[in-house]
Amino acid sequence: MSLIEIENLSKVYTIGDTSTHALRAVSLQIDDGEFVTVMGPSGSGKSTFLTIVGGLSAPMSGRVVIDEIDIYSLRRDGLSDLRREYIGFVFQSFNLVPYLNVLENVLLPLAPTGMQAKKQTAVAGDILTEVGLYEKAKHLPGELSGGEQQRVAIARALINDPLIILADEPTGNLDTATSESIMQLFKLLNERGKTILMVTHNPGYRSYSTRAIDFRDGTIVGDDMKYIPQMSADYREGREFQQNIWTHD
Ligand SMILES: Nc1ncnc2c1ncn2[C@@H]1O[C@H](COP(=O)(O)OP(=O)(O)OP(=O)(O)O)[C@@H](O)[C@H]1O
Ligand SMILES: [Mg+2]
């Protein structure tokens, strides 16, 4: 079974008399260790898809199964525990708390875990070092560049050591050079074992990923599965010959 099994997701938003079919029976399987970029025109359902996969919003029908857990069959507490344990979110707009410093922002998700304060600070220190911001631990978000703020958000997403990182246009507010460095960081995290699902509008960023998916009108119209880094033996058998003919964009 894949780490993330997505089956027949549908979602309709209704406001007044208007209904929008944001997702139409979307199915997808994502294995441990994949880095999937998700592209598609504005309004094609990418963010809706990501929030449903991340346990933030229930689908109208269909299932999301993470590590063999049917996440929307969980009660509310169970679902938030699952999110904390398995998933780190990164958004376009960083979503940092402006009056908390870098360290305090990064520590926020640990509050409900009851981890010892000393241990918390040690874990956060390691992660801030990893994203290159250890020196800025006492700074407020407003004193940082956009790229640095996004690194803080990434550190916060990593603090519970989740298996999965979901990122919705994480470079959308950043200039080209800064964006490249953020993509390098995601690539590194993937190489260290994180499974990543990232919405992006930049086709150039497909090259950082191991697989690219295209959305149109609430359905997946393209899936290149170009390279699967950590395949199980039986999975490899079926895919090996194809790997040779898939090329990076
Ligand atoms: N909370 C909501 N209420 C009503 N309609 C919504 C809501 N969220 C999204 N939609 C609609 O659902 C469709 C899919 O939206 P979604 O945000 O998933 O698209 P997207 O692919 O992420 O677009 P973008 O690239 O602009 O971020 C759109 O038509 C959008 O207007
Ligand atoms: Mg979106």
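All values derive from a computational prediction rather than experimental measurement.

Side note on the overall build of the protein chain
Working step 1: Along the backbone of the protein chain there are seven helices and 10 strands.
Working step 2: Since a compact globule built from 249 residues should have a radius of gyration of about 18 Å, the 18 Å found for the protein chain is in line with a globular shape.
Working step 3: Counting across all 249 residues of the protein chain, residues that qualify as buried make up 37%.
Working step 4: Counting only contacts in the protein chain whose residues sit at least 6 apart along the sequence, the fraction spanning at least 24 positions is 68%.

Observations regarding the site of ligand 1
Working step 1: All residues in the neighbourhood of ligand 1 are listed as Tyr-13, Ile-15, Thr-20, Ala-22, Gly-40, Ser-42, Gly-43, Ser-44, Gly-45, Lys-46, Ser-47 and Thr-48.
Working step 2: Secondary-structure elements contributing two or more residues to the shell around ligand 1 are β1 (4-15), β2 (18-30) and α1 (46-53).
Working step 3: Element by element, the count of residues in the shell around ligand 1 is highest for α1, at three residues.
Working step 4: Of the residues in the shell around ligand 1, the class split is three nonpolar, eight polar and one charged.

Details of the sheet that holds β1
Working step 1: The four strands lie next to each other as β2-β1-β4-β5, forming an open sheet whose pairing is antiparallel. Each of the sheet's edge strands pairs with one partner strand only, and the pair in question is β2 and β5 (69-70).
Working step 2: Where β1 meets strand β4 (residues 61-66), five bridges bridge the pair, whose relative direction is antiparallel. Across the sheet, residue Glu-5 finds its bridge partner in β4, namely Val-65.

Some points on helix α6 (residues 176-191)
Working step 1: Here α6 is 16 residues long and its end C-alpha atoms lie 22 Å apart, about the 22 Å a rise of 1.5 Å per residue gives.
Working step 2: Taken residue by residue, α6 has Ser-179, Ile-182, Met-183, Phe-186, Leu-189 and Asn-190 as its buried positions. Across the axial projection of α6, the buried residues extend over an arc of 115 degrees, all falling on one side. Looking at α6, the residues exposed on the side facing more than 90 degrees away from the buried face are Ala-177, Gln-184, Leu-188 and Glu-191.

What to know about the confidence of the model for the protein chain
Working step 1: On average, residues of the protein chain score 89 in pLDDT, and 90% of them reach the 70 mark or higher.
Working step 2: A low-confidence stretch, residues 228-249 stays under pLDDT 50, and its non-local contacts, those more than four residues away or across chains, total 19 contacts.

Some thoughts on the pairing of strand β10 (residues 219-223)
The side chains of a regular strand alternate between both faces of the sheet.
Working step 1: Relative to β10, strand β9 (residues 211-216) runs antiparallel, the two sharing four bridges. Among the inter-strand pairings, Asp-214 is bridged to a residue of β10, identified as Gly-222.
Working step 2: The loop that links β9 with its antiparallel partner β10 comprises two residues; one of these, Asp-217, has a positive phi angle of about 45 degrees.

Examining the nonpolar core
Working step 1: Judged by nonpolar contacts, the single largest core of 59 residues is most densely connected at Val-53, Val-106, Ala-155, Leu-166, Ile-196 and Leu-197.
Working step 2: The element best represented in this core is helix α5 (residues 146-158), accounting for six residues.
Working step 3: Residues in contact with Val-53, not counting those within four places in the same chain, are Ile-4, Ile-6, Val-64, Leu-166 and Leu-197.

As for the pairing of strand β6 (residues 87-91)
Working step 1: When you tally the buried positions in β6, you get four out of five residues, the bulk of the element.
Working step 2: Judged from the five bridges that link them, β6 and strand β7 (residues 164-168) form a sheet pairing that is parallel. In the sheet register, Val-90 faces β7, and the bridge partner there is Ala-167.

A look at the sheet that holds β9
Working step 1: The strand order across the open sheet built from six strands is β6-β7-β8-β3-β9-β10, with neighbouring strands paired in mixed fashion. Strand pairing shows two members of the sheet lacking a second neighbour, β6 and β10, which therefore form its edges. This sheet shows a mean twist of 20 degrees between the axes of neighbouring strands, independent of strand direction.
Working step 2: Running at roughly 165 degrees to β6, α5 makes contact with β6 and β7 of the sheet.

Here's the deal with the environment of Thr-210
Working step 1: Tracing the sequence through the fold places Thr-210 in the loop between β8 (195-199) and β9.
Working step 2: Sequence separation between Thr-210 and Val-36 is 174 residues, and the spatial gap between their C-alpha atoms is 6.1 Å.

Criteria and thresholds
- Residues numbered from 1 in each chain as written.
- Chains lettered and ligands numbered in written order.
- Predicted model: local features only at pLDDT ≥ 70, side-chain atom pairs only at ≥ 80, totals over all residues.
- Helix = DSSP H or I, 4+ residues; strand = E, 2+ residues; numbered from the N terminus.
- Rg over C-alpha atoms; globule rule 2.2 N^0.38 Å.
- Buried ≥ 20, exposed ≤ 12 C-beta atoms within 10 Å, placed from the backbone.
- Contact = placed C-beta atoms within 7 Å.
- Near = placed C-beta within 6 Å.
- Nonpolar A, V, L, I, M, F, W, Y, C, P; charged D, E, K, R; others polar.
- Pairing = 2+ DSSP bridges.
- Expected span 1.5 Å × (residues − 1).
- Arc of directions from axis to C-beta.
- pLDDT = per-residue confidence, 0-100.
- Core = buried A, V, L, I, M, F, W, Y, C linked by C-beta atoms within 7 Å.
- Axes fitted to C-alpha atoms, helices over the stretch in contact; angles between N-to-C directions.

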